[in-house]
Amino acid sequence: MMVSGRFSWWLCSVFLLCASRALGGDPSVYYEWEVSYKDVSPLGVKQKVIAINGMFPGPPINATTNWNVLVNVWNNLDEPLLITWSGIQQRRNSWQDGVLGTTCPIPVGWNWTYEFQVKDQIGSFFYFPSIYLQRAAGGYGDFIVNNREVIPIPFEAPDGDITLFISDWYTRSQKDLRRDLDNGLALAMPDGVLINGLGPYRYDQALVPPGITYEQINVEPGKTYRVRVHHVGVSTSLNFRIQNHQMLLVETEGSYTVQQNYSNLDIHVGQSYTFLVTMDQNASSDYYVVASARFVNSSEWTKVTGVAILHYSNSQGPASGPLPDPPNDSYDKSFSVNQARSIRWNTSASGARPNPQGSFRYGQIPVTDVYRIENEPAQMIKGKMRTTLNGISYFIPSTPLKLADQFNVPGIFKLDFPNEPMNRPPKMDTSVINATYKGFVEIIFQNAATTVQSYHLDGYAFFVVGMDYGNWTENSRNSYNRWDAVARSTTQVFPGGWTAILVYLDNVGMWNLRAENLDSWYLGQELYMRVVNPEINNKTELTPPDNAIFCGALKYMQQESYDHKHGPAFSPAWTLTTHRSMLVLLLIIWAAAFY
C-alpha cells in the first residue's frame, strides 16, 4: 500500500503518535527504508551495491538519548535481509538486534519494522546488513545519538558535522565472495578502499585510473568540525589521517575519551571514532584525507588506499604531491598497540545520564566469570574450511536461538560454551555461553591467526583493560588498566596477541559475540551469550514483538503475509500491535473520505 503527498505526511504523523504512546512518553523518530540494488562504479568497474532509498551509503539515523527509533525496512533484494545496529544497546530487547541468532531474516519482498529505544546512550554508531556478507556490498549508514539538552558535551560545540565511512572494497559481489569462502578459498587482496562509497582522488596516475569520482569535503577556514569515522569494511585494518591536520579524539562508540591529538590513527574493522578537526592551515592547496591498508607486507597493497579531498573555501589549488606517510612499523613494532592503549576514558565527563561516568569503579568489582577465547586460522572441519572460537565453529540453526528459547523448542542450542580452549578436535556446533545475570565477566581474546581480528559484543559496552603481543598469562592482569580503560563495543586483537575486556552483564537477552572481520565471521567465528534474569520483574526480557517473523521449527506460527509487490494488503510488519493496526486502518478509512 503506497501513499504520497499531503496524505502521506498526515499518515506518518498518526503513525508516530500511536508509536510514541505505545513505546512510552519519550519522543519517537520513524524511518521508511527501501533496500535494493543500485549500479555504481566506485573503482571504475560497474557493480551492484546495496542502497537504501537509492542512497549508498544509506541515510543517517539521528536521535537523542532515550528516544524511540522505528525503522520500517522493505527488502527489495534477491535474498533475505537483516539490519543490525552496531553499538546500539537495546535494553532488554535483543529481539531487535538484527542477527540470525535472535531474529528470522526478512524474506524477499517483505517488510519488517524495527522498534527500539536508544536508552542511556550517546555517540557515533552505524548500521549495516548482518548476514550473507552483505556489508561487503554496502547497506551501511550513520547512526547518531545526541546528548539531551540538560547534559553538556565535554567540548565546545563544533561548527559542523562530517561523517566518513572507510572500507576496504571488492569489485566482485558479496555472492562471489561467499562462493570463494564456501569453496575453501581465502579472500583475495581488496581492489581498493572507499571513502563514503567513492573511490580515490587521482593522487597517482599510475595507481588510480581516470574518471574515478571521489569524496570532497568542503570546509571553512578557522572552523572546527566534528568528524565521525566508521570502518565498515570487510577485513583490512586501515590507518586514517588528514594531511597537515591534527585530529583531537573526543569519543569512540558511545564513550567520551581523554582528549588527545593524533596525526593518524589505526582503525580496525567495525570500529568508530569521533574527532574534532580545526581548519587552521593556510589553504595554499587542498589537503588529502587518507585511509590506507595496515599490517600488510606486499608493495601491491599500495593501491588499497582511499583518498578524499579536504577543500577549504579559500583554497588556492588542488592537492598534489605524495600522500602523508603512514606509520612505519619496521622501526616500531609496538606503534599500533601503544596507540590503542593511549585511548582512555574521560572519567570526568557526563554521559547520557547526569551522573559522572567515572562513578562506576569497574576496577574494584570482583570478577565472577572468566572466559579465555582463542581463535585459530581457518581449518578443515567435515570437509569445509571453517574458523573457530575455542575449537567450535558456530553452526547457524534454521530456528533463531532467541525464538527457540522463548517457545521452548528443544535441540536448537547447547548452554555449554567452554571457558577456555579445549584440547580436542575442532567441531561445528551451536554452543552458547550460559551467562550469569549481573555477573562481572572477564573475557580474554587470544589471536593465533596472522592477521588483526576485531571482536564486537551486541547489547553492551565493555572496558578494554589490556592488550599486548604474545600469549596471555595470569601475570598479564598486572598490566590491566583498572581506572580509565575506554568503554566501547568493538576491540582489536593483534596477530599473535591478546586483548582483555571486562563487561557487566546487566542487559538481559540473547546477545551476539562475533568477529567483525567478515570472512572470519562468515566461516564461524561467533557465539551467543544468554543473559536471563531469574526473577520475574520489570527487568526481564521484553516479550516477542507482535510483528515477529517465524521460521525453522516455528514456521507454522507465521501470520499470513506475501510479497508486497504482488499483494495489496498490510504485512504483519506494518504496525506495532494488533490494536494499533486497527486504529491506523480506521483512521486511513476516515481520512480517505476527506482527500
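Definitions and limits used
- Residues numbered from 1 in each chain as written.
- Predicted model: local features only at pLDDT ≥ 70, side-chain atom pairs only at ≥ 80, totals over all residues.
- Heavy atoms only, no water.
- Helix = DSSP H or I, 4+ residues; strand = E, 2+ residues; numbered from the N terminus.
- Buried < 20%, exposed > 50% of the residue type's maximum accessible area, 1.4 Å probe, protein only.
- Contact = heavy atoms within 4.5 Å.
- Areas by Shrake-Rupley, 256 points an atom, 1.4 Å probe, with all protein chains shown as cover.
- Phe/Tyr/Trp six-rings, centres within 6.5 Å; stacked < 30°, edge-to-face > 60°.
- Lys NZ or Arg CZ within 6 Å of the ring centre and 35° of its normal.
- Core = buried A, V, L, I, M, F, W, Y, C linked by side-chain atoms within 4.5 Å.
- Arc of directions from axis to C-beta.
- Polar contact = N/O pair within 3.5 Å; in protein donor to acceptor, adjacent residues only side chain to side chain.
- pLDDT = per-residue confidence, 0-100.
- Pairing = 2+ DSSP bridges.
- Axes fitted to C-alpha atoms, helices over the stretch in contact; angles between N-to-C directions.

Undergrad: So, the overall build of the protein chain: which residues are in play, and what are the values?
TA: From N to C terminus, the protein chain includes six helices and 32 strands. Put simply, the protein chain has 595 residues, and 58% of those count as buried. Of the contacts formed within the protein chain by residues at least 6 apart in sequence, a portion of 78% connects residues at least 24 apart. About 24000 Å² of surface is accessible on the protein chain, with carbon and sulfur atoms providing 52% of the total.

Undergrad: Just give me the short version of the packing of aromatic side chains, but keep the residues and values in it.
TA: For the structure shown, the criterion picks out 28 aromatic pairs. The interplanar angle of 40° and the centroid separation of 5.7 Å between the aromatic rings of Phe-56 and Trp-169 together place this pair among those described as tilted. Here the residue Phe-56 occupies a position in the loop between β2 (47–52) and β3 (61–64), and Trp-169 occupies one in strand β9 (residues 160–169), the gap between them amounting to 113 residues. There is no split in this pair, since Phe-56 and Trp-169 are both buried. Ring centres 4.2 Å apart and planes at 15° place the aromatic pair Tyr-362 and Phe-463 in the stacked group. Separated by 101 residues along the polypeptide, Tyr-362 in the loop between α3 (335–341) and β20 (369–381) and Phe-463 in strand β27 (residues 462–469) bring together distant segments of the chain. Aromatic ring contacts, followed pair by pair, group Trp-33, Trp-85, Trp-112, Tyr-114, Phe-116, Tyr-127 and Phe-143 into a single cluster. Taking the ring centre of Phe-128 as reference, the NZ or CZ of Arg-135 above it sits at 4.6 Å. The ring of Phe-295 carries the charged tip of Arg-294 above its face, separated from the ring centre by 4.8 Å.

Undergrad: Quick one: what's the story with the nonpolar core, residue by residue and with numbers?
TA: Among the nonpolar cores identified, the biggest contains 47 residues, and Trp-33, Ile-61, Val-69, Trp-85, Tyr-114 and Phe-143 are the most heavily contacted of them. When residues in this core are grouped by element, the largest group, four residues, is from strand β1 (residues 28–40). Contact partners of Val-69, with chain neighbours within four places excluded, come to Val-29, Ile-61, Ala-63, Tyr-114, Glu-115, Phe-116, Val-118 and Phe-143. By size, the runner-up hydrophobic cluster in this structure holds 34 residues, among which are Val-193, Ile-242, Ile-267 and Met-279.

Undergrad: Explain helix α2 (residues 174–182) to me, and be specific about the residues and the numbers.
TA: The set of residues buried in α2 consists of Gln-174, Leu-177, Arg-178, Asp-180 and Leu-181. All buried residues of α2 project into a common sector of 160° when viewed along the axis, lining one side.

Undergrad: Describe the side chain of Ser-454, with residues and values.
TA: Residue position: Ser-454 is located in strand β26 (residues 453–457). Judged by relative accessible area, Ser-454 falls into the buried class, the value being 1%. One polar contact links the side chain of Ser-454 to the main-chain carbonyl oxygen of Val-269, over a distance of 2.7 Å. Dropping the residues within four chain positions of it, Ser-454 is found in contact with His-268, Val-269, Thr-490, Thr-491, Gln-492, Arg-514, Ala-515, Glu-516 and Asn-517.

Undergrad: Explain the environment of Glu-156 residue by residue, including any values.
TA: With respect to the helices, strands and loops of the structure, Glu-156 is situated in the loop between β8 (141–146) and β9. For the pair Glu-156 and Thr-224, spaced 68 residues apart in sequence, the C-alpha separation works out to 9.3 Å.

Undergrad: Let's hear about the confidence of the model for the protein chain: which residues, and what values?
TA: Here the protein chain shows a mean pLDDT of 90. Residues at 70 or above account for 88%. This model gives residues 1–23 a pLDDT under 50, and the stretch forms 38 contacts once residues within four places in sequence are excluded. A low-confidence stretch, residues 562–595 stays under pLDDT 50, and its non-local contacts, those more than four residues away or across chains, total 63 contacts.

Undergrad: Lay out the sheet that holds strand β5 (residues 83–86) with the relevant residues and their values.
TA: The strand order across the open sheet built from four strands is β3-β8-β7-β5, with neighbouring strands paired in mixed fashion. Each end of this open sheet is capped by a strand with a single partner; those strands are β3 and β5. Between one strand axis and the next, the sheet turns through 20° on average, direction left out of account. The pairing of strand β7 (residues 123–129) with β8 spans five bridges and is classified as antiparallel. Paired with Tyr-127 across the two strands is Gly-141, which belongs to β8.

Undergrad: Can you break down unusual backbone geometry residue by residue, with the values?
TA: Between Phe-56 and the following residue, Pro-57, the backbone shows a cis peptide bond with an omega angle of -5°. The topology assignment puts Pro-57 in the loop between β2 and β3. Non-glycine residue Asn-53 carries a positive phi angle of around 55°. Assignment of secondary structure puts Asn-53 in the loop between β2 and β3.

Undergrad: Give a description of the side chain of Thr-102 that names residues and reports values.
TA: Along the chain, Thr-102 turns up in the loop between β5 and β6 (111–117). At 3.4 Å, the side chain of Thr-102 and the backbone oxygen of Ser-94 are in polar contact. When neighbours within four sequence positions are excluded, Thr-102 is seen to be in contact with Ser-94, Trp-95, Asp-97, Pro-400, Lys-402 and Met-510.

Undergrad: Report on the sheet that holds strand β10 (residues 192–195), specifying residues and quantitative values.
TA: One open sheet holds the six strands; their spatial order is β10-β9-β12-β17-β14-β15, and the pairing between them is mixed. Only two strands of the sheet have a single neighbouring strand rather than two, namely β10 and β15 (255–262). Averaged over all pairs of adjacent strands, the angle between strand axes in this sheet comes to 25°, irrespective of strand direction.

Undergrad: Quick one: what's the story with the pairing of strand β14 (residues 247–252), residue by residue and with numbers?
TA: Among the six residues that make up β14, five are buried, leaving the element largely enclosed by the rest of the structure. When β14 meets β15, the two strands line up antiparallel, connected through five bridges. Paired with Leu-248 across the strands is Asn-261, a residue of β15. The hairpin formed by β14 and β15 contains two residues between the paired strands, and Glu-253 there has a positive phi angle of roughly 50°. The sheet contact formed by β14 and strand β17 (residues 272–278) spans three bridges and is antiparallel.

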